[in-house]
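Coordinates in review
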Amino acid sequence: RAPEEPVSEEVARGSVKFAGIYGLIEQNDVEPVDPDRTILEGAVRGMLSTLDPFSAFFNQDQFELLKQQTQGRAVGFGSILYVTPGKIVILQTAPKSPSWRAGLGPGDQIVEINGQRIDRLDWDSLIELLKTARSHPVALGVLRPGKVLSETFKLNPAEIALPTVDKSFLLRPGIGYIHISGFEQKTPKEVMDAMA
């Protein structure tokens, strides 16, 4: 929002309500309230959850996990995941990866791993399960967008190259097409290689 743009009356009323509710929680909760946990983990995450499956908030731990998934080469299933307590959503699948071959894609929600329900695991247990699952065959219970019943997918991990330049070709002499799927340290070299 540009600084000179006025806040709408509806947003202003909502902000006042939010501040009032937060004040009541701060005054009456049994434990001291942690603003970061309450506002960022609670309010911001809740606000984004009302949008589409691709709008997500990453705290520091989750962002580190995301970076580990995008190092360029990894053993696993070729999916970039949004992970939050009780929920795992696929954001992207690498071409020719086990996830891609199984037909999984953005917006699919993993609700079960090897019979363990995701919504029953705390954060540490969930991360440990994901680390273990990356190197062993797994059965995933997946809820597709718009569906109410999950489907089971069996995947075997593989070493996956995750280039950020995933398509490049000549359109006509002197004009080329390069598709960049993401930006990492290796992206400039991949672009130069594709141009060459």
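Residues numbered from 1 in each chain as written. Predicted model: local features only at pLDDT ≥ 70, side-chain atom pairs only at ≥ 80, totals over all residues. Heavy atoms only, no water.

1. A short note on the overall build of the chain
Counting its regular elements, the chain contains six helices and ten strands. Counting all 196 residues of the chain, 30% fall into the buried class. Intrachain contacts of the chain at a sequence separation of at least 6 include 45% that bridge at least 24 residues. When the accessible area of the chain is evaluated, it comes to approximately 13200 Å², of which 56% is carbon and sulfur surface. (Helix = DSSP H or I, 4+ residues; strand = E, 2+ residues; numbered from the N terminus. Buried < 20%, exposed > 50% of the residue type's maximum accessible area, 1.4 Å probe, protein only. Contact = heavy atoms within 4.5 Å. Areas by Shrake-Rupley, 256 points an atom, 1.4 Å probe, with all protein chains shown as cover.)

2. Focus: the environment of Pro95
Relative to the helices and strands, Pro95 is located in the loop between strand S3 (87–93) and helix H4 (98–102). Classification of Pro95 as exposed rests on a relative accessible area of 51%. Along the primary structure Pro95 and Asp166 are separated by 71 residues, whereas in three dimensions their C-alpha atoms are 8.5 Å apart.

3. A word on the side chain of Thr93
Within the secondary structure, Thr93 sits in strand S3. Polar contacts involving the side chain of Thr93 include one to the main-chain carbonyl oxygen of Leu104, which spans 3.5 Å. Ignoring sequence-local partners within four residues, the contact set of Thr93 consists of Gly78, Ser79, Ser99, Trp100, Leu104 and Gly105. (Polar contact = N/O pair within 3.5 Å; in protein donor to acceptor, adjacent residues only side chain to side chain.)

4. A few points about the nonpolar core
In terms of nonpolar packing, the biggest core is built from 21 residues, with Val83, Ile88, Ile110, Ile113 and Leu140 touching the most fellow members. Elements that contribute at least two residues to this core include exactly strand S2 (79–84), S3, strand S4 (109–113), helix H5 (123–133), strand S6 (138–143) and strand S7 (151–155). (Core = buried A, V, L, I, M, F, W, Y, C linked by side-chain atoms within 4.5 Å.)

5. Details of the pairing of strand S10 (residues 175–180)
Note that strand S9 (residues 165–172) and S10 share six bridges and pair antiparallel. Looking across to S10, one finds that Lys167 is bridged to His179. Where S9 folds back onto S10 in an antiparallel hairpin, the turn is made up of two residues, including Gly174, whose phi is positive at roughly 90 degrees. (Pairing = 2+ DSSP bridges.)

6. Side note on helix H6 (residues 187–195)
Buried residues of H6: Thr187, Glu190 and Val191, and no others. Along the long axis of H6, the arc covered by the buried residues comes to 100 degrees, so they all point the same way. What points out from H6, more than 90 degrees from its buried face, is the exposed set Pro188, Lys189 and Met192. Contacts made by the buried residues of H6 are with S9 and S10. (Arc of directions from axis to C-beta.)

7. So, a negative patch on the surface
On the surface, a cluster of negative charge is made up of Asp61, Asp122, Asp124 and Glu128. Positionally, Asp61 belongs in helix H3 (residues 60–69). You can call Asp61 partly exposed: its relative accessible area is 49%. (Patch = residues over 30% accessible without salt bridge, like charges linked within 9 Å, V, L, I, M, F, W, Y side chains within 5 Å. Salt bridge = Lys/Arg side-chain N within 4 Å of Asp/Glu carboxyl O. Lys, Arg positive; Asp, Glu negative; His and termini not counted. Charge placed at Lys NZ, Arg CZ, Asp CG, Glu CD.)

8. Let's talk about the pattern of salt bridges
Applying the stated rule across the entire model yields five salt bridges. Of the charged contacts in the structure, one is a salt bridge between Asp119 and Arg117, with a shortest N-O distance of 2.7 Å. Since its relative accessible area comes to 45%, Asp119 is described here as partly exposed. Taking the relative accessible area as the measure of exposure, Arg117 reaches 33% and is therefore partly exposed. A salt bridge links Lys189 to Asp193; the nearest nitrogen and oxygen atoms lie 2.9 Å apart. Of the two residues, Lys189 and Asp193 are both situated in helix H6; the distance of four residues between them amounts to about one turn of the helix.

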